[in-house]
Structure formats: C-alpha cells, structure tokens
Amino acid sequence: MRYSLYRFGEAFEAFIIYLVTFTSSSILIYVKYMNIANSSILQSFFENITEYQLLINIFLTFLMVVYHYQFVNRKKVEIFCRILVGDTSTKIVIRYILNSLSILIVSFLLSFALNIYLKQSILTNSYLLFIFVIYILISAGQVQKNENIKFFYNKDFF
C-alpha cells in the first residue's frame, strides 16, 4: 500500500462497510427463510425486520457510495501533490481502482463463505457486487487533479 491512496485505517473501514453490507443481506435472507414454528414472538419479530430488507440493503449500499465520495474528496490534495512530484493521474486512477476492487473482492469472498455455510443463494450478494464495481468505476472518474486547490500562500509575505 505504499503508492495507494488508501491508508490502513481507511482500507479497513471500507472493508468493514462492505462486509457489513454483504453479511446483513445474507443474514436477512437467512432469517426470512428460517423455520421458527415453535416461537411465534420471535417469528413475528423477524418478519417485521425482513419486511424492510430492501430498504436496509439500499441504505447500506448508499452508505458505501457516500464513503467512496468522501474518500475521493478527502484525497484531492494528496492527488494534487502526487501529480506535482511526478506521478501520473492515470497511474493514480488505476491504483485506486485496483485497491478498491481488492478490498471489495476480499469482503465478498468472506460473505460468500458465509453464504456457503448457511446454504443459501449468493444472488443478492452478486447484485451488490455488481453495483459496487460499477460505482468504483464511476468514482474513479472523480480521482483527478483538482485545479481549485488553494494553498495558504501569501504573496505579500514573500
């Protein structure tokens, strides 16, 4: 991660958000089809939660989209400085895409293992993976040199 825009904490944060999104989708599907015939209170509780499964998935997906947007905006100055010292914007974008996709794939593989353990379909997680890959490619367009960055440079001082 030497040339990456991600630091360890940021990569771990993205990994956790992806993992929460994938596992919550898996767990909500598991709870939806779980047979709890002997406990009507528990069954009604889970039914109330699974009614909002789509909204929960959309909210968590939106949370990841906001994270990517904020991440790219926080890194504008670093991208500008890297370009000043000789790095090309193409290399920065490619590294951003590869790092984001690797974090996404690792979290998807962990949720895939959970789906295999719970013996359920991976179709919804595949949809989420597809949505996240598309958004990573879209957000890569935002990783560019920002011309409007103002450093605190006072002409009268020098």
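Above this text is the structure in question.
Criteria and cut-off values
- Residues numbered from 1 in each chain as written.
- Predicted model: local features only at pLDDT ≥ 70, side-chain atom pairs only at ≥ 80, totals over all residues.
- Heavy atoms only, no water.
- Helix = DSSP H or I, 4+ residues; strand = E, 2+ residues; numbered from the N terminus.
- Buried < 20%, exposed > 50% of the residue type's maximum accessible area, 1.4 Å probe, protein only.
- Areas by Shrake-Rupley, 256 points an atom, 1.4 Å probe, with all protein chains shown as cover.
- Axes fitted to C-alpha atoms, helices over the stretch in contact; angles between N-to-C directions.
- Parallel < 35°, antiparallel > 145°, perpendicular 65-115°, else oblique.
- Contact = heavy atoms within 4.5 Å.
- Nonpolar A, V, L, I, M, F, W, Y, C, P; charged D, E, K, R; others polar.
- Core = buried A, V, L, I, M, F, W, Y, C linked by side-chain atoms within 4.5 Å.
- Polar contact = N/O pair within 3.5 Å; in protein donor to acceptor, adjacent residues only side chain to side chain.
- Phe/Tyr/Trp six-rings, centres within 6.5 Å; stacked < 30°, edge-to-face > 60°.

**Student:** Where do I start with the overall build of the protein in this structure?
**Tutor:** If you tally the helices and strands in the protein, you get six helices and zero strands. Starting at the N terminus, the α and β elements of the protein follow one another as α-α-α-α-α-α. Expressed as a percentage of the 158 residues in the protein, the buried residues total 39%. A total of about 10300 Å² of accessible surface is found on the protein, and carbon and sulfur atoms cover 68% of it.

**Student:** Just checking my understanding: could you explain the environment of E51 for this structure?
**Tutor:** One can find E51 in the loop between α2 (40-50) and α3 (53-74). On a C-alpha basis, the gap between E51 and L28 in space is 9.7 Å, while along the polypeptide they are 23 residues apart.

**Student:** I tried to follow the packing of helix α4 (residues 76-84) against helix α5 (residues 89-118) on my own but got confused; where do I start?
**Tutor:** When two helices pack together, their arrangement is given by the angle between the helix axes and the distance between those axes. For the pair α4 and α5, interaxial distance at closest approach is 10 Å and the crossing angle is 135 degrees. Relative to α5, α4 is oriented oblique. Between α4 and α5, the contacting residues are I79, R82 and I83 on the first element and S89, I92 and R95 on the second. Tallied by class, residues from the contact of α4 with α5 come to three nonpolar, one polar and two charged.

**Student:** What am I meant to see in the nonpolar core here?
**Tutor:** Formed by 27 residues in total, the largest nonpolar core has its most connected members in Y18, F22, Y96 and V143. The residues contacting Y96, other than those within four sequence positions of it, are L5, Y6, H68, F71, V72, I136, S139, A140 and V143.

**Student:** What exactly am I supposed to notice about the side chain of S111 here?
**Tutor:** With respect to the helices, strands and loops of the structure, S111 is situated in helix α5. In terms of polar contacts, S111 uses its side chain to reach the backbone carbonyl oxygen of F108, at 2.8 Å. Dropping the residues within four chain positions of it, S111 is found in contact with L19, F22, T23, S26 and N125.

**Student:** I'm lost on the side chain of S24 in this one. Help?
**Tutor:** Positionally, S24 belongs in helix α1 (residues 8-32). Within polar-contact distance, the side chain of S24 engages the backbone oxygen of T21 at 3.0 Å. When neighbours within four sequence positions are excluded, S24 is seen to be in contact with N57 and L60.

**Student:** Please explain the packing of aromatic side chains as it appears in this structure.
**Tutor:** Any aromatic ring pair is given by two values, namely how distant the centres are and how the planes are angled relative to each other. Summed over all chains, the structure comprises nine aromatic pairs. A ring pair is formed by Y18 and F132, whose centres lie 5.0 Å apart and whose planes are at 70 degrees; its orientation type is edge-to-face. Here F132 lies in helix α6 (residues 123-139) and Y18 lies in helix α1, a separation of 114 residues in the sequence. Assigned by exposure class, Y18 and F132 land together as buried. On the basis of an interplanar angle of 85 degrees and a centroid distance of 5.9 Å, the ring pair of F22 and F132 is categorised as edge-to-face.

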